[in-house]
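Understanding the architecture of this molecule
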Amino acid sequence: MNDQQRQQNYDDMVKRLSPKSEKPFSLLKAFVVGGLICTLGQGFKDLALQVLRLDQEGASLFCSFCLIFLSALLTGLGVYDRLGKFAGAGSIVPITGFANSIVSPAMEFKREGFVTGVGAKMFVVAGPVLVYGISTSVAVGLLYYVLGLLGG
Amino acid sequence: MQAKRYGRQSYALPSKPRVCSFASTAGKKEGEGPLQNSFDVVVQDDTLGEKSWEKAETRMLSDTVSLCLRKAGLREEDVDLFLGGDLLNQIVSAGFAARGLQIPFLGLYGACSTMAESLLLGSLLLDGGFAKRVVCATSSHFSTAERQYRFPLELGNQRPPSAQWTVTGAGATLLTCEPTHPIAVEAVTVGKVIDLKQNDENNMGAAMAPAAADTLLAHLRETGRRLEQYDRIVTGDLGRVGYRLFRELCKQEGLELGDRYTDCGCDIFAPEQGLQAGGSGCGCSAVTLNGHLFQQMLAGNIRRLLFMATGALLSPTTTLQGESIPSIAHAVSLEVVPCC
Amino acid sequence: MLLTYARVFLCGGLICLVGQLLLLYTRLTSARILVAFVTLGVVLTALGLYEPFVEFAGAGATVPLTGFGYLLGKGAIDAVAEKGLLGALTGGTTAAAGGIASAIVLGYLAAVLFTPKTKE
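Residues numbered from 1 in each chain as written. Chains lettered and ligands numbered in written order. Predicted model: local features only at pLDDT ≥ 70, side-chain atom pairs only at ≥ 80, totals over all residues. Heavy atoms only, no water.

1. Some remarks on the overall build of chain B
Under the convention used in this document: By the criteria applied, helices consist of DSSP H or I runs no shorter than four residues and strands consist of E runs no shorter than two, each listed in order from the N terminus. Summary of the burial criterion: residues with accessible area below 20% of their type's maximum are buried, those above 50% are exposed, and those between are partly exposed, where the area comes from a 1.4 Å probe applied to protein chains only. We call two residues in contact when some of their heavy atoms are within 4.5 Å. To be clear on the numbers: accessible area is Shrake-Rupley with a 1.4 Å probe, and residue cover counts the displayed protein chains and nothing else. Two residue types count as positive, namely Lys and Arg, and two as negative, namely Asp and Glu; His and chain ends fall outside the count. Charge coordinates come from a single atom per side chain, which is NZ of Lys, CZ of Arg, CG of Asp or CD of Glu.
Secondary structure assignment for chain B yields 10 helices and 14 strands. The buried share of chain B, taken over its 340 residues, is 63%. Taking the contacts inside chain B whose residues are at least 6 apart along the sequence as the reference set, 78% of them involve residues at least 24 apart. For chain B, the exposed area adds up to about 12100 Å²; of that, 50% sits on carbon and sulfur atoms. Where the 32 positive side-chain charges of chain B centre and where its 37 negative ones centre are 4 Å apart.

2. So, a positive patch on the surface
Here is the rule: Without a salt bridge and with relative accessible area above 30%, a residue can belong to a patch; like charges are then joined within 9 Å and nonpolar side chains (Val, Leu, Ile, Met, Phe, Trp, Tyr) within 5 Å. Salt-bridge detection follows one rule: a side-chain nitrogen of Lys or Arg within 4 Å of a carboxyl oxygen of Asp or Glu.
A contiguous patch of positive charge, built from Arg5(B), Arg8(B), Lys192(B) and Arg221(B), is present on the exposed surface. Mapped onto the elements, Arg8(B) comes out in the segment before strand 1 (10-12).

3. A closer look at the domain arrangement of chain B
All names here are of chain B. Rules: Reported domain spans reflect what an automatic or database domain assignment gives. Accessible surface is computed with a 1.4 Å probe, and the buried area is the amount of it that two parts give up when combined, taken over both parts together.
What the domain assignment reports for chain B is domain 1 (2-176) and domain 2 (185-336). Here the C-alpha centre of domain 2 lies 17 Å away from the C-alpha centre of domain 1. Tallying the contact residues gives 58 residues for domain 1 and 63 residues for domain 2. In this assembly, domain 1 packs against domain 2 so that about 4800 Å² is buried in total across both faces, 62% of it on carbon and sulfur atoms. When residues of domain 1 are sorted by the area they lose upon contact with domain 2, Gln 9, Phe 22 and Gln 164 head the list and together hold 16% of the total. Across the contact surface, domain 1 and domain 2 share one salt bridge. Put simply, Glu 335 and Lys 16 hold a salt bridge, and the shortest N to O gap is 2.7 Å.

4. Here's the deal with unusual backbone geometry
Of note, the phi angle at Arg53(A) is positive, near 55°, even though the residue is not glycine. With respect to the helices, strands and loops of the structure, Arg53(A) is situated in the loop between helix 2 (23-51) and helix 3 (56-76).

5. Concerning helix 8 (residues 127-151) of chain A
Helical geometry: 3.6 residues make up each α-helical turn, so side chains three or four residues apart lie on a common side. Filter applied, for reference: A helix's residues, less one, multiplied by 1.5 Å, set its expected span.
Helix length check: helix 8 of chain A (25 residues) gives 36 Å between terminal C-alpha atoms against 36 Å at 1.5 Å per residue, within 8%. Among all positions in helix 8 of chain A, only Gly127(A), Val129(A), Leu130(A), Gly133(A), Thr136(A), Ser137(A), Val138(A), Val140(A) and Gly141(A) are buried. Looking at the buried residues of helix 8 of chain A, the elements they touch are helix 6 (95-108) of chain A together with helix 2 (30-46), helix 5 (65-83) and helix 6 (85-113) of chain C.

6. A closer look at the interface of chain A and chain C
Quick note on the threshold: Pairs of N or O atoms within 3.5 Å make up the polar contacts considered here, provided that, within protein, one atom can donate a hydrogen while the other can accept it, and that residues adjacent in sequence are counted only when both atoms are side-chain atoms. Three classes are used: nonpolar for Ala, Val, Leu, Ile, Met, Phe, Trp, Tyr, Cys and Pro, charged for Asp, Glu, Lys and Arg, and polar for all others, with Gly counted as polar.
With 66 residues of chain A at the contact, the number on the chain C side is 66 residues. Taking both sides of the interface into account, the surface hidden between chain A and chain C amounts to around 5700 Å²; carbon and sulfur atoms contribute 79%. A salt bridge links Asp81(A) to Lys119(C), with the nearest nitrogen and oxygen atoms 3.9 Å apart. Our enumeration of links across chain A and chain C arrives at 10 residue pairs in polar contact (both at pLDDT 80 or more). Sorting the residues of the side of chain A that touches chain C by element identifies helix 2, helix 3, helix 4 (80-87), helix 5 (89-92), helix 6, helix 7 (114-121) and helix 8 of chain A as the ones contributing at least two each. Ranked by residues supplied to the side of chain A that touches chain C, first place goes to helix 2 of chain A with 16 residues. Class assignment for the residues of the side of chain A that touches chain C results in 42 nonpolar, 16 polar and eight charged.

7. Overview of a nonpolar patch on the surface
Residue and element names in this part refer to chain A. A surface patch of nonpolar side chains, about 550 Å² in accessible area, is lined by Leu 40, Phe 65, Phe 69, Leu 70, Leu 73, Leu 77 and Val 79. Residue contributions to the nonpolar patch peak at four residues, all from helix 3. Mapped onto the fold, Phe 69 is located in helix 3. By relative accessible area, which is 39% here, Phe 69 ends up partly exposed.

8. Some details on the pairing of strand 9 (residues 183-189) of chain B
Taken residue by residue, a regular strand's side chains alternate between the two faces of the sheet. Residues and elements named next belong to chain B. Just so we agree on the cut-off: Any two strands between which DSSP finds at least two bridges are classified as paired.
By the criterion of burial, strand 9 is predominantly enclosed, with seven of the seven residues buried. Of the pairings in the sheet, the one linking strand 1 to strand 9 comprises three bridges and is antiparallel in character. Along strand 9, the bridge assignment pairs Ser 10 with Thr 189. In the sheet, strand 9 pairs with strand 14 (residues 327-336) via six bridges, with the strands oriented antiparallel.

9. Topic: the environment of Phe294(B)
Relative to the elements of secondary structure, Phe294(B) occurs in helix 9 (residues 282-298). Considered as a pair, Phe294(B) and Ile183(B) are 111 residues apart in the sequence and their alpha carbons are 8.0 Å apart.

10. Re the nonpolar core
Spelled out, the test is: Within this scheme, the nonpolar core is defined by two criteria: the residues are buried Ala, Val, Leu, Ile, Met, Phe, Trp, Tyr or Cys, and they are joined through side-chain atoms within 4.5 Å.
Core analysis: the largest hydrophobic core is formed by 56 residues, its most contacted members being Leu67(A), Phe98(A), Val129(A), Val63(C), Leu65(C) and Phe68(C). Beyond its immediate stretch of four places on either side in the chain, Phe98(A) contacts Ile92(A), Ala126(A), Val129(A), Leu130(A), Leu65(C) and Phe68(C). By size, the runner-up hydrophobic cluster in this structure holds 45 residues, among which are Val188(B), Leu275(B), Ala286(B) and Leu334(B).

11. Focus: the environment of Ala59(C)
Residue and element names in this part refer to chain C. Examined against the element boundaries, Ala 59 turns out to sit in helix 4 (residues 59-62). Residue classification places Ala 59 among the buried residues on the basis of a relative accessible area of 0%. As a C-alpha pair, Ala 59 and Val 8 span 51 residues in sequence and 5.9 Å in three-dimensional space.

12. Looking at the packing of helix 5 of chain C against helix 6 of chain C
Residue and element names in this part refer to chain C. The condition is simple: Only the stretch in contact is used when fitting a helix axis, every axis being a line fitted to C-alpha atoms; angles between N-to-C directions are given from 0 to 180 degrees. Angle categories: roughly parallel below 35 degrees, roughly antiparallel above 145, roughly perpendicular from 65 to 115, and oblique for all the rest. Here is the rule for handedness: rotate from the far helix to the near one, and if that takes an anticlockwise turn smaller than a right angle the crossing is left-handed, while a clockwise turn gives right-handed.
Closest axis-to-axis distance for the helix 5/helix 6 pair is 7 Å, and the angle between their directions is 140°. Taken together, the axes of helix 5 and helix 6 lie oblique to each other. Classified by chirality, the crossing of helix 6 by helix 5 is right-handed. Facing Phe 68, Leu 71, Leu 72, Gly 75, Ala 76, Ala 79, Val 80 and Lys 83 of helix 5, the residues of helix 6 in contact are Leu 85, Leu 86, Gly 87, Ala 88, Thr 90, Gly 91, Gly 92, Thr 93, Ala 95, Ala 96 and Ile 100.

13. Examining the environment of Leu89(C)
Its location among the elements puts Leu89(C) in helix 6. For Leu89(C), a relative accessible area of 57% corresponds to the exposed category.

14. Quick notes on the packing of aromatic side chains
Note the following rule: Each aromatic pair joins two rings of Phe, Tyr and Trp (for Trp, the six-membered one) with centres within 6.5 Å, and gets the label stacked for planes under 30 degrees apart, edge-to-face for over 60, and tilted for any other angle.
What the rule picks out here adds up to 10 aromatic pairs over all chains. Taking 5.8 Å as the distance between ring centres and 50° as the angle between the ring planes, the aromatic pair formed by Phe114(A) and Tyr108(C) counts as tilted. With Phe114(A) in helix 7 and Tyr108(C) in helix 6, the pair connects residues from two separate chains. Exposure remark for Phe114(A): the relative accessible area of 34% places this residue in the partly exposed category.

15. Considerations on the side chain of Asp200(B)
One can find Asp200(B) in the loop between strand 9 and helix 6 (204-223). Looking at Asp200(B), its side chain comes within polar contact range of the main-chain nitrogen of Asn202(B), at 2.8 Å. Setting aside anything within four residues of it in sequence, one finds Asp200(B) in contact with Ile325(B) and Arg27(C).

16. Brief notes about the interface of chain C and chain B
Contact residues are listed per partner, giving seven residues for chain C and 14 residues for chain B. By the criterion of area lost to chain B, the three top residues of chain C are Arg27(C), Thr118(C) and Lys119(C), representing 56% of everything that side buries. Applying the counting rule to chain C against chain B returns zero salt bridges. Linking chain C to chain B there are six residue pairs in polar contact (both at pLDDT 80 or more). Broken down by class, the residue content of the side of chain C that touches chain B amounts to one nonpolar, two polar and four charged.

In structure tokens form, the structure reads like this:
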């Protein structure tokens, strides 16, 4: 038996003997928690629009701020990681998950200093989201500019 | 020279260095597991009152070494050599512990195989007459390992069912060349680095099982022994996935392990504790050996034990660069002998 | 009103469910999934597909990270219409500035106030 065959056989064995996740239940949990976080966001937005009389843009920012604040608080109190263990993507995909990915390394690397730890490591998880999000938005802006020139 | 060597990987130790004393410290979760009564110390607060997790791990390791010496009625200056290591970059826990202990120190890195590696080297040095007493110790800490290898502690992520939980714990064994104690190291087998191209860092058991099988086969082949000559064969931290794979690999080679085989990673946590595939880390095999297993030997329940700690020799950098996980396992054969 | 909230819950939940499917069936880490979601949000916005979805689902579309992508994409497109080429560079980041700054400031405050605890 050569090396490649041996590796292939072993891969098959690993697949056969590794446990499978409890899929249906974890999907349900992600759906419900994710849905609830979004519903909470809608609540904040409606509050801003109807009670605080903010405009659309202000209301969106108010909604994001409240969710980020809640996420930061729950992360600080050590609750968000438990929510994450329960809900998986349900608490990773909403903006609260993005906030958790910034707050948790900020706290974690406090002992390495406020500049070289907190400051430097804050975006260790969330950095790529900004890099790709912002870069794509610039590309889209350029594309629209060029299309505008051609069309206009 | 030839008389001390069984083969390329295995050595005989005719002087049979003895286990003079042993000690273990475990964390809260380990202290709630099936082996809870076997540890010398269970720490409820895993910071040990220190300012950082790294400081806590260093404290745990150095306290465990001191306890091990105290149990033998010895002091630091009575020991010739401290062999140890841990999982952190530049093996800082061991190095910093050695700074306080002031015992001549050789730092080892074998990932989670360090307990077997240190026992192996320690007994070779004793058998060679280079030292009278050697202390072998290693530690791991869930929180230091997590922040180095994985994610910040407060990040809300899920672990797949094949993932293992790094044991918070430290274990120390004091070896002596005097035949004053019943447990002896009588042979050792140095492992080769084996890589069957597994690259899932959440399934370390799968990466390490082939290394354990390779070392077991080499040990039996070179020493000319049969499986039946051991009451117990123990792997370090294959976990529940690696446990099944190791059995299967041995079966393919015609070795039926039966119920003489156990794994420290499976034994240290109960499945109900919800820690996925079980324990891992240097501390996993170290606290199990320096508690439960040695106690079983002293009680006469195990006469001959083959202890094989397994290690995954990866780093976060190699994982990011897409490398597979090379692994190693060292075997230490321990037996109960008459003592004067 | 109730219907709006039902739509928010369903759409937001479904996006998270897709994320969970990716977590379970691919070996993508959560960081990669977040990058994919934000990029997808920008691209769908550029194609004019995300805006109608936001009108339909409200916070169900804006709270998940694809909504962050929508904010970035829409910011860039609007700014280009208003300011020309310069807008391509400033638009996205300007629109997202409020959210990013909140996360930075609150993250810093949390680091000052809290210390991480070990996982249970």
